[in-house]
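Commentary on secondary and tertiary structure
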Amino acid sequence: MAVQTSALHPRRALGIRATALGSTILISLLAAPASAQQTFTGATDQNWDTTTNNWNPGPTFSNNDDALFDTVGGAVDITEGGGITAGEVDVNNGASGLTVTGNDLTVNGNITVNGAATTADIQANITGDANADGDGQLTLSGSVGGTVANSGTGTTTITDTVDAVNNTDGTTIVGAGGTVTNTTTVSNGTVEGQAGSTFTGAVTTSNTGTFTQNGGAANGGVVNDGGTVNIDAGTAASLTNGAGAGTSNVTDGQVTGTTTIGGGAVVVDQTTDDADLELVGTTTVNDGTLTVTDGEVGAVINQGTSGGATEVTLTDGDIASLTNTSGDAALNGGTVTGATTVADGTVTNAGAAITTAATSGTGTYTQSGGSATDVTNNGGTVNIDAGTAASLTNG
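Residues numbered from 1 in each chain as written. Predicted model: local features only at pLDDT ≥ 70, side-chain atom pairs only at ≥ 80, totals over all residues. Heavy atoms only, no water.

**Here's the deal with the overall build of the protein chain**
As a reminder, the rule being used: Each helix is a run of H or I in the DSSP string that is no shorter than four residues. Each strand is a run of E no shorter than two, and both are numbered from the N terminus. Here the globule rule is a power law, 2.2 Å times the number of residues to the power 0.38, and the radius of gyration is based on C-alpha atoms. Partly exposed residues are those whose accessible area sits between 20% and 50% of the maximum for their type, while under 20% is buried and over 50% is exposed, using a 1.4 Å probe and protein chains only. In this analysis, two residues are considered to be in contact whenever any of their non-hydrogen atoms come within 4.5 Å of each other.
What the protein chain contains, in helices and strands, is zero helices and 42 strands. Against the 2.2 N^0.38 benchmark of 21 Å for 395 residues, the protein chain shows a C-alpha radius of gyration of 30 Å, more extended than a compact globule. Dimensions of the protein chain, computed from the C-alpha atoms along their principal axes, are close to 100 × 55 × 30 Å. The burial tally for the protein chain puts 41% of its 395 residues in the buried class. Long-range pairs, those at least 24 residues apart, make up 15% of the contacts in the protein chain between residues at least 6 apart in sequence.

**A closer look at the side chain of Asn 302**
How we decide: Counted as a polar contact is a pair of N or O atoms within 3.5 Å, where, for protein atoms, one must be capable of donating a hydrogen and the other of accepting one, and residues adjacent in sequence contribute only when both atoms are in side chains.
In this structure, Asn 302 sits in strand S33 (residues 296-303). A distance of 3.0 Å separates a polar side-chain atom of Asn 302 from the backbone nitrogen of Gly 304. In this structure the side chain of Asn 302 is engaged in a polar contact, spanning 2.9 Å, whose partner is the side chain of Asn 324. Look past the residues within four positions of Asn 302 in its chain and what remains in contact with it is Val 285, Glu 311, Val 312, Thr 323, Asn 324, Thr 325, Ser 326, Gly 327, Asp 328 and Ala 329.

**Examining the packing of aromatic side chains**
Convention followed: Stacked, tilted and edge-to-face are the three classes assigned to paired rings of Phe, Tyr and Trp, where Trp is represented by its six-membered ring and a pair needs centres within 6.5 Å; plane angles under 30 degrees give stacked, over 60 edge-to-face, the rest tilted.
Taken as a whole, this structure holds eight aromatic pairs when the rule is applied. Centroid distance Trp 55 to Phe 61: 4.9 Å. Interplanar angle 45 degrees. Geometry classified as tilted. The pair formed by Trp 55 and Phe 61 is uniform in burial state, with each residue classed as buried. These aromatic residues form a ring-pair network of at least three members: Phe 40, Trp 48, Trp 55, Phe 61 and Phe 69.

**Looking at the environment of Thr 235**
Residue placement: Thr 235 occurs in strand S27 (residues 228-236). Distance in space between the C-alpha atoms of Thr 235 and Ser 187 is 22 Å, their sequence separation being 48 residues. The contact partners of Thr 235, leaving out residues within four places of it in the chain, are Gln 213, Gly 216, Ala 217, Ala 218, Gln 254 and Thr 256.

**What about the environment of Ser 206?**
Counting through the fold element by element, Ser 206 comes out in the loop between strand S24 (203-205) and strand S25 (210-218). Remark: the alpha-carbon pair of Ser 206 and Val 186, spanning 20 residues in sequence, is separated by 6.3 Å. Residues contacting Ser 206, with those up to four places away along its chain left out, are Val 186, Ser 187, Asn 188, Asp 225, Gly 226 and Gly 227.

**Looking at the pairing of strand S6 (residues 66-69)**
Note the threshold: Strand pairing follows a simple DSSP-based rule, namely that at least 2 bridges must link the two strands.
Burial along S6 is two-sided: the residues Asp 66 and Leu 68 and Ala 67 and Phe 69 are all buried. Where strand S3 (residues 37-40) and S6 come together, three bridges link them in parallel fashion. Bridge pairing in S6 links Gln 38 to Ala 67. When S6 meets strand S9 (residues 89-91), the two strands line up parallel, connected through three bridges. Its bridge partner lying in S9, Leu 68 is registered against Asp 90.

**Things to note about the pairing of S33**
Note: strand S32 (residues 283-294) against S33, three bridges, orientation parallel. Residue pairing for S33: Thr 283 is matched across the bridge by Val 300. Here S33 pairs with strand S35 (residues 318-326) via seven bridges, running parallel. Its bridge partner lying in S35, Asn 302 is registered against Asn 324.

**Observations concerning the confidence of the model for the protein chain**
Atomic detail in the predicted coordinates should be set aside for any region of low pLDDT. The cut-off we apply is this: The predictor attaches a confidence to each residue, and that confidence, scored 0 to 100, is pLDDT.
Model confidence for the protein chain is summarised by a mean pLDDT of 91, while 91% of its residues fall at 70 or above. Within the model, the stretch residues 1-33 combines pLDDT values under 50 with 34 contacts to residues more than four positions away or in other chains.

In structure tokens:
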């Protein structure tokens, strides 16, 4: 038996009716009526419920209808006792400045703000996901029980608690009072953390995504698996550059825990001269590079395998200690305040001031400038080609 179906409206629910006629069962497919698009008129008042004549063609709104705010916006209050469920919510420039307050809002589709200068602020709590679209400016001042997914080219600003963030285009700003409880994913576009923001779960970039921290706390750590990370202020619990990472820049922010480099580049270049460490915990270079242009970092372990590249470069600023077990490190300026240990690979001091340098195994320490308080050869090779060493000990 062949069954033929016709194209149905994509948002119509599909039902099945089975009727027994003797030994024959007839099956018919029933399409439920599609939800309507309702345009807010405010003809009676500014309330959003299911009984007031405020909609065209309505004249009332039914749950699961699409809501269009076209030429009438202002302060709209959800007064429905159990909240409102909308299919799509669209805001056009004529309704710019729209605020939605009151009881809970559920949006099954997208929240689309059209026009770069168009603004909308949803202060009501959103029970599920909030899928932001369009090129306008959407503010989520209420909480979001699900994921804030930004796929538009505009800007979405979060100032309350949301479950997660998934940014595939445009910009998502987590402002003062904004908290992301679980993961933040940035595959394209930009996510920005401002002063007073909190990222409880991990923040992960990939592809061309950018995470910029201008304040607040990334308590779940930051992972660069592609794209760019900028820690310009605030704190991150940890920083991990994966094998496919781009560049992670740490200026006046602070990584309070460990930094692990498995690929890409981590660049420390402070813009404010202070005594605070930019990388507080131990930094381990497994692959990729660490460049300290200016700033202060804690202990550095270089066990890099980048194949001929210099894994660690110090131009200015301070490193608390350097342990080289593989790969190359170039000390072109600045200071290593603690021990420099070279068990394998090469450390070249071309202009830094270091305290002690000790070689072992097959490690090589070459001094082509700068100064060292004490140099000890316990194996490997020491070359004092220029600069000064206060003492030299061959063990």
